[in-house]
Amino acid sequence: MPATDRLAFRLDCGATWLNLLATVGTAHGPAPVERIPTAERFAEWLALNELTPQRPVDEADLDSARRLREALRAVGLATVEEREPPAAAVRELDLFLRTHDDPVRVTGEGRLRRAAPPTSAAALSRIVRQAVGQLTGPERRTLKCCPEQDCRGLFSDPSDRRRWCPSPACASRGRVRALRARRAGQAD
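Keep in mind it's a predicted model, so treat the numbers as computed, not measured. Throughout, residues of each chain are indexed from 1 in the direction in which the sequence is written. It should be noted that, the model being predicted, local features are given only for residues of pLDDT at least 70 and side-chain atom pairs only at 80 or more, the latter also being counted only at that level, while totals for whole chains, interfaces and linings use all residues. The basis for the side-chain values is all heavy atoms of the structure; hydrogens and waters are excluded.

> Outline the UniProt feature "domain: Zinc finger CGNR" (unreviewed entry) in the chain, listing residues and values.
UniProt positions are given in the numbering used here, feature names are shortened, and annotations may be inferred rather than shown by experiment. The UniProt entry lists residues 143-183 under the feature "domain: Zinc finger CGNR" (unreviewed entry), expressed in the numbering used here. Counting secondary structure, residues 143-183 comes out at 39% helix and 15% strand; the distance between its end C-alpha atoms is 31 Å. Note on conventions: DSSP H or I runs of at least 4 residues are helices, E runs of at least 2 residues are strands, and numbering of each starts at the N terminus.

What follows is the structure in structure tokens.
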């Protein structure tokens, strides 16, 4: 796979907060791929998700995004696995939400939409609130975890038909492994 494909943003996980988790490829493998290594790349990701803040993104914003991403990953995995979420991750999210508000303002220019967030913290607040809404509501039942051990990416599957995350690489590896196992079973 070309390096540029590995660094491409995943925007097909079913929700913006799930796409944030996908800013690390093979997160549970020996060599995770960081897709937001710089503040500039994080700004690009925010823009692709229609969350461009009015104030430029800096390194502190990037650090905050990465911390929140990993807290959301820990809580999301716990939710899918139906176990208690790590207390430290819950505290991280709770503290962030208590200290960062994003008052909703809408505009009707062309279509109804939220006004641009003033800061990246406000953009992250929208993302974390979306995650908490899904993780605590009935939509949590649509969440799945990719069975590929190096990926374990979270995604939304309302149709309950998907086995792997939207990454073609995970599905391909899983299908090849299953085929090999079937063939090995037939040889016995």
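> Describe helix H5 (residues 87-99), naming the residues involved and giving the relevant values.
By this rule, a helix spans an expected 1.5 Å times one less than how many residues it contains. In this model, H5 (13 residues) spans 18 Å end to end at C-alpha, consistent with the 18 Å of a helix rising 1.5 Å per residue. Of all the residues in H5, the buried ones are Ala-89, Leu-93, Phe-96 and Leu-97. Buried residues of H5, viewed axially, fall in a sector of 95 degrees; they line one side. Exposed side of H5, more than 90 degrees from the buried face: Arg-91 and Arg-98 are the residues found there. Whether two residues touch is decided by their heavy atoms; if any such pair falls within 4.5 Å, the residues are in contact. Among the structural elements, helix H4 (59-80) and helix H6 (120-136) are those in contact with the buried residues of H5. Residue burial is assigned from relative accessible area. The probe radius is 1.4 Å, only protein chains are included, and a residue is buried under 20% of its type maximum, exposed over 50%, and partly exposed in between. Relevant arc is that of directions from the helix axis to the C-beta atoms, nothing else.

> If you had to explain the packing of H5 against H6 to someone new, which residues and values would you point to?
Between N-to-C directions, angles cover 0 to 180 degrees, with each direction set by a line fitted to C-alpha atoms, over the stretch in contact for helices. It is the contact of H5 with H6, at a shortest axis distance of 10 Å, that shows an interaxial angle of 125 degrees. On the basis of the axis angle, H5 is oblique to H6. Judged by the sense of rotation from one axis to the other, the crossing of H5 with H6 is left-handed. Side by side, H5 and H6 meet where Leu-93, Phe-96 and Leu-97 of the first sit next to Ala-121, Leu-124, Ser-125, Val-128, Arg-129 and Val-132 of the second. Note that the term roughly parallel is reserved for angles under 35 degrees, roughly antiparallel for angles over 145, roughly perpendicular for angles of 65 to 115, and oblique for everything else. Should the near helix be turned counterclockwise from the far one by less than a right angle, the crossing is left-handed, whereas a clockwise turn marks it as right-handed.

> How would you sum up H6? Please name residues and give values.
Counted at 1.5 Å a residue, the expected span for H6 with its 17 residues is 24 Å, and the 24 Å between its end C-alpha atoms agrees. For H6, a buried count of 12 out of 17 residues is recorded, marking the element as mostly surrounded by other parts of the structure. Residues of H6 that are buried: Ser-120, Ala-121, Ala-122, Ala-123, Leu-124, Ser-125, Arg-126, Ile-127, Val-128, Ala-131, Gln-134 and Leu-135.

> Which residues make up the pattern of salt bridges, and what are the values?
Whenever a carboxyl oxygen of Asp or Glu lies within 4 Å of a side-chain nitrogen of Lys or Arg, that contact is scored as a salt bridge. Taken as a whole and judged by the stated rule, the model has 16 salt bridges. Among the ionic pairs, Glu-34 bridges to Arg-69, the shortest N-O distance being 2.9 Å. Separated by 35 residues along the polypeptide, Glu-34 in strand E2 (residues 33-34) and Arg-69 in helix H4 bring together distant segments of the chain. Note on Glu-34: relative accessible area 26%, which makes it partly exposed. The class of Arg-69 is buried, set by a relative accessible area of 4%. Glu-148 is paired through a salt bridge with Arg-173; the nearest N and O atoms lie 3.6 Å apart. Highlighted residues: Glu-148 in the loop between strand E5 (143-145) and strand E6 (154-156) and Arg-173 in helix H7 (residues 168-187), separated in sequence by 25 residues. Residue classification places Arg-173 among the partly exposed positions, given a relative accessible area of 30%.

> Can you break down the nonpolar core residue by residue, with the values?
We call a set of buried residues a nonpolar core when its members are Ala, Val, Leu, Ile, Met, Phe, Trp, Tyr or Cys and they connect through side-chain atoms within 4.5 Å of each other. Within the largest apolar cluster, 42 residues are counted, with the highest numbers of intra-cluster contacts made by Trp-17, Leu-18, Phe-42, Trp-45 and Leu-72. Among the elements of the structure, helix H2 (16-21), helix H3 (39-48), H4, H5, H6, E5, E6 and H7 are those that each provide at least two residues to this core. With 7 residues, H4 is the single largest residue contributor to this core. Each residue touching Leu-72, except ones within four places of it in the same chain, is listed here: Trp-17, Leu-20, Leu-21, Leu-93, Val-128 and Ala-131.

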